[in-house]
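Working through the structure, step by step
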Amino acid sequence: MDGRKETVHVKNTGRCKELLIPGCEVWLTAPGNPNRKTKYDLVAVRKDTGVLFNIDSNAPNQVMKEWLVGQDYSRVVPEFKYGNSRIDFYMERASANVKPRRFLMEVKGCTLERDGIGYFPDAPTERGVKHIRELIRAKQEEFETILAFVIQMDGVSRVYPNTDTHPEFGTAMEEAEAAGVQVRFFPCHVEPDELVIL
């Protein structure tokens with residue numbers, strides 16, 4: 001920045017090795033906390049194909065909460081404790097004189113793209129596998145369960161398990177679909193300061 005090297009915090013738990021390469025164009029935010037080790041967060045990067053990627057790991061849950069509030073749920077609860085996990089969202093859909101329908105949703109942010117197709121994860125995720133297993137168990141306990149992929153780039157509408165990186169995640173995803181867990185994809189539009197579900 002301004003001719004000097006600056007160490008920044010990358011707000012992503014994945015590897016991003018196909019994105020963060022020498023010469024790439026990146027966007028930073030400055031949270032303004034004087035107690036931090038780094039002044040800036042790296043939140044977006046433009047791939048050499050010209051596509052802009054949001055790589056902020058917090059963004060998928062934030063944008064999903066905004067989206068869920070606009071749907072016809074009577075209740076939306078983030079970070080819901082279920083079993084030995086915190087599932088990203090618990091939702092209810094109430095009807096008069098009928099027991100409310102109960103939903104659990106786990107959200108995964110997709111930042112890995114190859115030839116126009118999204119893949120998840122880009123690094124092994126035991127936590128991700130654990131959460132899928134919790135969704136399968138919840139489905140057996142009469143929750144409606146959703147594994148949601150927020151696609152943090154334009155032009156991609158589907159996500160496949162990245163079995164090269166984490167075969168167990170692919171197996172868990174197959175088991176979830178077989179058990180009746182809904183797998184949903186949420187394509188997004190990305191701007192340097194914005195992620196919007198389409």
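Relevant structure appears above.
Just so we're clear, the structure is a prediction, and the values are computed from it rather than from any experiment. Residue numbering note: each chain is counted from 1, following its sequence as written. Reporting in this predicted model follows two pLDDT cut-offs: at least 70 for local features of residues, and 80 or more for side-chain atom pairs to be given and counted; totals over whole chains, interfaces and linings ignore these cut-offs and use all residues. Calculated side-chain values reflect all of the structure's heavy atoms, with hydrogen atoms and water omitted.

Quick word on the sheet that holds strand 12 (residues 182-191)
- The mixed open sheet is built from 6 strands, whose spatial order is 5-6-7-10-12-13. Strand pairing shows two members of the sheet lacking a second neighbour, strand 5 (75-82) and strand 13 (194-197), which therefore form its edges. Pairs of neighbouring strands in the sheet enclose a mean axial angle of 35°, with direction left out of account.
- Here, strands pair whenever DSSP counts at least two bridges between them. A helix here means a DSSP run of H or I that spans at least four residues, while a strand means a run of E at least two residues long, and both kinds are numbered starting from the N terminus. Sheet analysis places strand 7 (residues 98-110) next to strand 10 (residues 144-151), joined by 8 bridges and oriented parallel. Within strand 10, the residue paired with glycine 109 across the bridge is valine 150. Orientation is described by lines fitted to C-alpha atoms, with helices fitted over the stretch in contact, and by angles between N-to-C directions that extend from 0 to 180 degrees.

Details of the side chain of glutamate 113
- Within the fold, glutamate 113 resides in strand 8 (residues 112-114).
- A simple rule labels every residue: compare its accessible area, found with a 1.4 Å probe on the protein chains alone, to the largest value its type can have, and call it buried under 20%, exposed over 50%, or partly exposed in between. Take glutamate 113: its relative accessible area is 12%, and that puts it in the buried class.
- For the purposes of these results, a polar contact is taken to be a pair of N or O atoms within 3.5 Å, where, inside protein, one atom must be able to donate a hydrogen and its partner to accept one; residues adjacent in sequence count only when each atom of the pair is a side-chain atom. A distance of 2.7 Å separates polar atoms of two side chains, one belonging to glutamate 113 and the other to lysine 47.
- A contact between two residues is defined here by any heavy atoms of the two lying within 4.5 Å. Contacts of glutamate 113, omitting those with residues within four sequence positions, involve Lys47, Phe53, Gly118, Met153 and Val156.

Describing the sheet that holds strand 8
- Taken together, the 3 strands give an open sheet; going across it, the order is 8-9-11, and neighbouring strands pair in mixed fashion. Bordering the open sheet on either side are strand 8 and strand 11 (159-161), each of which pairs with just one other strand. Each strand axis lies, on average, 40° off the axis of its neighbour in the sheet, ignoring direction.
- In this sheet, strand 9 (residues 117-120) lies alongside strand 8 in antiparallel orientation, the contact comprising 3 bridges. From the neighbouring strand, leucine 112 faces strand 9, where its bridge partner is tyrosine 119.

So, the layout of surface pockets
- Throughout, the protein atoms alone are placed on a 1 Å grid, and a set of points is a cavity if a 1.4 Å probe fits but cannot get out or a pocket if it is open with protein on both sides within 12 Å along at least five of seven lines; lining residues have an atom within 4 Å of a point. Grid points are joined across faces, edges and corners, and a volume is the space filled by probe spheres set on the points. Here the largest pocket is characterised by a volume of approximately 520 Å³.
- Contributing to the lining of the largest pocket are 25 residues, with Thr13, Ser57, Lys108, Gly109 and Phe120 lying nearest its centre.
- Counting residues per element, the ones that place at least two in the lining of the largest pocket are helix 1 (59-69), strand 7 and strand 9.
- Take the lining of the largest pocket: its biggest share by element is 5 residues, from strand 7.
- Note that Gly is not counted as nonpolar here; it falls among the polar residues with everything else outside the nonpolar set of Ala, Val, Leu, Ile, Met, Phe, Trp, Tyr, Cys and Pro and the charged set of Asp, Glu, Lys and Arg. A class-by-class count of the residues in the lining of the largest pocket yields 9 nonpolar, 9 polar and 7 charged.

Overview of the pattern of salt bridges
- Between Lys or Arg on one side and Asp or Glu on the other, a salt bridge is scored when a side-chain nitrogen of the former is within 4 Å of a carboxyl oxygen of the latter. Within the structure shown, the criterion is met by 14 salt bridges.
- In this structure, the salt-bridge partner of lysine 47 is glutamate 113, at a minimum N-O distance of 2.7 Å. You can see lysine 47 sitting in the loop between strand 3 (41-46) and strand 4 (52-54) and its partner glutamate 113 sitting in strand 8, a full 66 residues away along the chain. Glutamate 113 matches lysine 47 in its accessibility class, with the two residues each being buried.
- Across the salt bridge formed by arginine 137 and glutamate 141, the nearest N and O atoms sit 3.5 Å from each other.
- We classify glutamate 141 as partly exposed; its relative accessible area is 36%.
- Several salt bridges share partner residues, and in doing so they unite Asp2, Arg4 and Glu6 into one network.

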